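Chains, contacts and geometry: an overview
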Amino acid sequence: MAVGIFDSGIGGLTVYKTVNKNYPEMDIHYLGDTARVPYGNRSPETIIRYSLECTSFLVSNFHIDTVIVACNTASSYAIEHIRKKFGINVIGVVEPGAKRAIEVTNGYIGVIGTIATVRSESYVKAVKELNKNIKISQIACPLFVPIVEEMLVDTEIARSAVHHYMDSLVNDGVDTIILGCTHYPFLKNTINSIYPDLKIVDSSEAILEYLEKINLNKCQSGKREIYLTDEAPAFETLKTVLTDGIISQKITL
Ligand code: DGL
C-alpha cells in the first residue's frame, strides 16, 4: 500500500516535500490537477467533485490506503466526502494547521487562504472545536498564488501584496498566522521580514504529527511519481526548489 497526495496544482509540492523528507522508503504518488487549478474560487460542489475524481485516480491506479489532501481548499470541503466514498485514511491540512497554531499562539490567530477556504470557515471551526476561547480572524489573499507561481517571492511586488492583505490582521493584534494555502510557505521569508514577531504556522509541515498516528507501511521501494493533468509552466521552477529527479507524467482524469 502506498500514499497518495493530491492538490489543485503544484503548490502541494510543499506537502510532498515534507512527506518525501520524512518517509524516504514509502511509495508516494502525487497528483496535481493543473488542468483545473485554481480550486480556490470555485463552488463547494465543484471542489468536492474534483477532489473525489483526484482521489479516484490515486485509489484505482496505485491502491493507496492513505490520501493526503495537500490542497487547503479541498481540505476545507471534501475530507468527509472522500472518507465516506473510499473508506481509506484521509489526512487534510486544516486540522493539523489549526492544532499547531493553538499550541503556539498567545491567544489571537490569523488565517490567510484562498477565497473558498476563507468562505468555508474551516480553520475557524477547527480552532474553535479545539479551544473556543481563542480569538481568530481570517482574510483571503488571492494575489499570493500568482505571485508564487511567477516566482516573484522576495520582491517588492510580494512585499506590497503582503502589506495589502495582512497589515490589518497584524495591526489588530494577531500573534500567529496560519498559512492556509499550499503556495504560501514560499512567502514565509517575506512575511517574516515584514512582521518579525509574528509566529508562522505552515500547515504543510503540521501534517507530520498526523501521519505518525497512522500505521504507515514505510518499508517500500521509495517510489516517487508525480502526475499532472496538464502542463504547468511554473512546475519546472517550483520543482527545482523542492525536489530532485522527479519524473512528471501527464494524465487525464
Ligand atoms: N492549492 C490551493 C489551496 O491550498 C491553492 C491554489 C488553488 O486555488 O487551487 O487552497
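Here the structure is a predicted model, which means the values were calculated and not measured.

Attention now goes to the overall build of the chain. Regarding its fold elements, the chain presents 11 helices and 10 strands. Its C-alpha atoms give the chain a radius of gyration of 17 Å, near enough to 18 Å, the size a compact globule of 253 residues would have. In terms of overall dimensions, the chain has C-alpha extents of about 50 × 35 × 35 Å along its principal axes. When each of the 253 residues of the chain is scored for burial, the buried share is 58%. Counted over contacts in the chain with a minimum sequence separation of 6, partners at least 24 positions apart contribute 75%. When the accessible surface of the chain is totalled, it reaches about 11100 Å², and 49% of it is carbon and sulfur. The average position of the 24 basic charges and that of the 29 acidic charges among the side chains of the chain differ by 5 Å.

In the neighbourhood of the ligand, the contacting residues comprise D7, S8, V37, P38, Y39, G40, C71, N72, T73, T114, C181 and T182. In this structure, an oxygen atom belonging to the ligand sits 2.6 Å away from a side-chain N or O atom of S8. Coverage of the ligand by the protein amounts to 98% of the 300 Å² it exposes when considered alone. According to the grid-proximity analysis, the pocket containing the ligand is the second largest pocket. Considered class by class, the residues forming the shell around the ligand number five nonpolar, six polar and one charged.

Now for the sheet that holds strand 6 (residues 135-140). The strand order across the open sheet built from four strands is 6-5-7-8, with neighbouring strands paired in parallel fashion. At either margin of the open sheet sits one strand with a lone partner, and together these are strand 6 and strand 8 (199-202). Here the average twist between neighbouring strands, direction ignored, is 25°. As defined by bridge partners, strand 7 (residues 176-180) adjoins strand 8 across four bridges and the pair is classed as parallel.

A separate point is the pairing of strand 1 (residues 3-7). The buried count for strand 1 comes to five of five residues, which makes it a mostly enclosed element. Side-chain alternation along strand 1 places V3, I5 and D7 on one buried face and G4 and F6 on a second face that is also buried. As paired elements, strand 1 and strand 2 (residues 28-32) share five bridges and run parallel to each other. Considered in strand 2, the bridge of I5 is made with Y30. When strand 1 meets strand 3 (residues 66-69), the two strands line up parallel, connected through four bridges. In the sheet register, F6 faces strand 3, and the bridge partner there is V69.

About the criteria used
Residues numbered from 1 in each chain as written. Predicted model: local features only at pLDDT ≥ 70, side-chain atom pairs only at ≥ 80, totals over all residues. Heavy atoms only, no water. Helix = DSSP H or I, 4+ residues; strand = E, 2+ residues; numbered from the N terminus. Rg over C-alpha atoms; globule rule 2.2 N^0.38 Å. Buried < 20%, exposed > 50% of the residue type's maximum accessible area, 1.4 Å probe, protein only. Contact = heavy atoms within 4.5 Å. Areas by Shrake-Rupley, 256 points an atom, 1.4 Å probe, with all protein chains shown as cover. Lys, Arg positive; Asp, Glu negative; His and termini not counted. Charge placed at Lys NZ, Arg CZ, Asp CG, Glu CD. Near = heavy atom within 4 Å. Polar contact = N/O pair within 3.5 Å; in protein donor to acceptor, adjacent residues only side chain to side chain. 1 Å grid on protein atoms, 1.4 Å probe; cavity = no way out; pocket = protein on both sides within 12 Å on 5 of 7 lines; lining within 4 Å. Sits in = over half its atoms within 2 Å of the grid points. Nonpolar A, V, L, I, M, F, W, Y, C, P; charged D, E, K, R; others polar. Pairing = 2+ DSSP bridges. Axes fitted to C-alpha atoms, helices over the stretch in contact; angles between N-to-C directions.

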